[in-house]
Amino acid sequence: MGYQNFTENHDFMGDDLLQCEGRVLAVTGNGIRISDRFGLLGIGGRVIICRDDDHKNALLAEVVSLGTGEAFVLPFGDNASVRRGASVIYCRNNVQIRPHKGWLGRVIDGLGRPVDGLGPLPSPEDHEGSAITLRGTPPPAALRARLGERVDFGVKAMNAFTPARAGQRLGIFSGSGVGKSSLLGMVARNTRCDVRVIALIGERGREVREFIEDDLGPEGLAKSIVIVATADEAALMRREAGFLALAISEYFRDKGDHVLCLMDSITRIAMAQREIGLAAGEPPASRGYTPSVFSLLPSMLERVGPGLMPVEGGKTGFITGIFTVLVEGDDHDEPISDHSRAILDGHIVLDRDIAERGRFPAINILKSLSRTATDAMSEEECAHYIRTRQLTALHNDMADLIKIGAYQQGSNPEIDIAIDFFGYLEEFLTQSRHDKVNVEETLTDLSHILSRVRPS
């Protein structure tokens, strides 16, 4: 690939490559040491490493640490065939992209290059002033608009027990194989919004087409931009896919759109940053994660939310974020889960025991929480929400006694109600992957099953 290909839909090099070069000093593991005699490079800066004399086989890399007269870079691809003394071309530090409505319906990689075989991405006609930075910052807290209207996810368990408003950030937490990606696909297909930006990061290669064709479908894809960085790609590509998804989301939000930003998964980004940090010489902190991981997560997640308060006659845009979090060893107190839960505005916990008994989605309603639930619900919904949690908690407390037959029917009227209610609730929470149930239908169904048991 020639280095000119790296500039497509990007502006990280300016109008032309800077006429300044260095040399490769050494190749160590996945990293490359290059000369920086004049101190022109900075952390996050980009360089192009030429693997042959005519620059056709170039490798893009990013500066991750600096030394005296040299820099350490990590490549966005395989560093095979990089030789000592190879020419290195310095690029601009400020990486920018130029999104466009014509990107909807397309699948791109972490560098914004199309990977769907449909040709180049369209560029905006007003090439001036339309570029945005990948390393954006959220609007100032005092000037940011408040959360918007309630979001209808089309999933009964989420609509009833983790209601959210436009601009909110929710995490889907679970171990591997419990249904995070399937639930994310339901949300992507069912949620009404202007634009969907979907980042599939660290996924198995076979799952990409399955998600696009089975979960999104043609109608869902038409309003989506899908960013893909599979598990076999370099750590920088996986992390960059997250930055790209956020930058595109911000672009459409600032135009007044309601953007649904879905990221699967935030844990893979943390793992990618751990690889980058360890290669750059950072000490491992908690379970091998480097300090930069715990500064990266809030800086990324805070970019999701409402835009600036509108001026008179203007329109506020929103980014509603749903992030999956892979819980290592089903330990919900492991570092990434614990840190993410503290930043997000709510968490949806998928339970392996519930999944094993065949209920999908396997949402544990007692462990799941939306921090804006009371603001998003009506008084009637709030009463149903509280009553359902009370009966579910009571049934869970008595579950072991019920299983072994130690509880006798009629001993406690409230426990009898909880036992009757539990069967109805399991049926209510079960939903096919291809079904969509709106908020009004959810409230009606929940009211119906509560009416079938005796009042407290």
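For the structure itself, consult the block above.
None of the values given here were measured: they were computed from a predicted structure.

### Concerning helix H3 (residues 205–222)
With 18 residues, H3 extends only 21 Å from end C-alpha to end C-alpha; this falls clearly short of the ideal 26 Å at 1.5 Å per step. At Leu216, H3 shows its maximal bend, which comes to roughly 100°, and the proline Pro218 appears one to four places after that position. Residues Glu207, Val208, Phe211, Ile212, Asp215, Leu216, Gly217, Gly220 and Leu221 constitute the buried set of H3. The inward-facing, buried residues of H3 abut strand E8 (106–108), helix H2 (180–190), strand E13 (195–201) and strand E14 (224–229).

### Let's talk about unusual backbone geometry
Most peptide bonds are trans, and most residues other than glycine sit at a negative phi. The omega angle of the peptide bond from Asp264 to Ser265 is 10°, so this bond is cis rather than trans. Note on placement: Ser265 falls in the loop between strand E15 (258–264) and helix H5 (266–279). Across the junction of Phe360 and Pro361, the peptide omega takes the value -5°, indicating a cis bond. As for its position among the elements, Pro361 is in the loop between helix H8 (352–356) and strand E18 (369–370). In this model, Ser81 sits at a positive phi of 75°, which is unusual for a non-glycine residue. For Ser81, the location among the structural elements is in the loop between strand E5 (70–75) and strand E6 (87–90). Of the residues examined, Ser81 reaches a relative accessible area of 56% and is grouped as exposed. One non-glycine residue, Arg287, lies in the positive phi region at around 50°. Checked against the element boundaries, Arg287 lands in the loop between H5 and helix H6 (291–301).

### Comments concerning helix H12 (residues 439–451)
Here H12 contains 13 residues, and its C-alpha end-to-end distance of 18 Å stays within 8% of the 18 Å for a straight helix at 1.5 Å per residue. Taken together, the buried positions of H12 are occupied by Val439, Thr442, Leu446, Ser447, Ile449 and Leu450. Buried positions in H12, seen along its axis, are confined to an arc of 165° and lie on one side of it. Those residues of H12 that are exposed and aimed more than 90 degrees away from the buried face are Glu440, Thr444 and Ser451. Buried residues along H12 sit in contact with strand E10 (150–151), helix H1 (156–161), helix H10 (379–403) and helix H11 (413–429).

### Regarding the environment of Val63
The topology assignment puts Val63 in strand E4 (residues 58–66). A relative accessible area of 1% means that Val63 is categorised as buried. For the pair Val63 and Leu74, spaced 11 residues apart in sequence, the C-alpha to C-alpha distance is 6.6 Å. Residues within four places of Val63 in sequence aside, it is in contact with Leu41, Gly42, Ile43, Gly44, Gly45, Ala71, Phe72 and Val73.

Thresholds, definitions, all that
Residues numbered from 1 in each chain as written. Predicted model: local features only at pLDDT ≥ 70, side-chain atom pairs only at ≥ 80, totals over all residues. Heavy atoms only, no water. Helix = DSSP H or I, 4+ residues; strand = E, 2+ residues; numbered from the N terminus. Expected span 1.5 Å × (residues − 1). Bend = angle between axes of the 7 residues up to and from the residue. Buried < 20%, exposed > 50% of the residue type's maximum accessible area, 1.4 Å probe, protein only. Contact = heavy atoms within 4.5 Å. Arc of directions from axis to C-beta.

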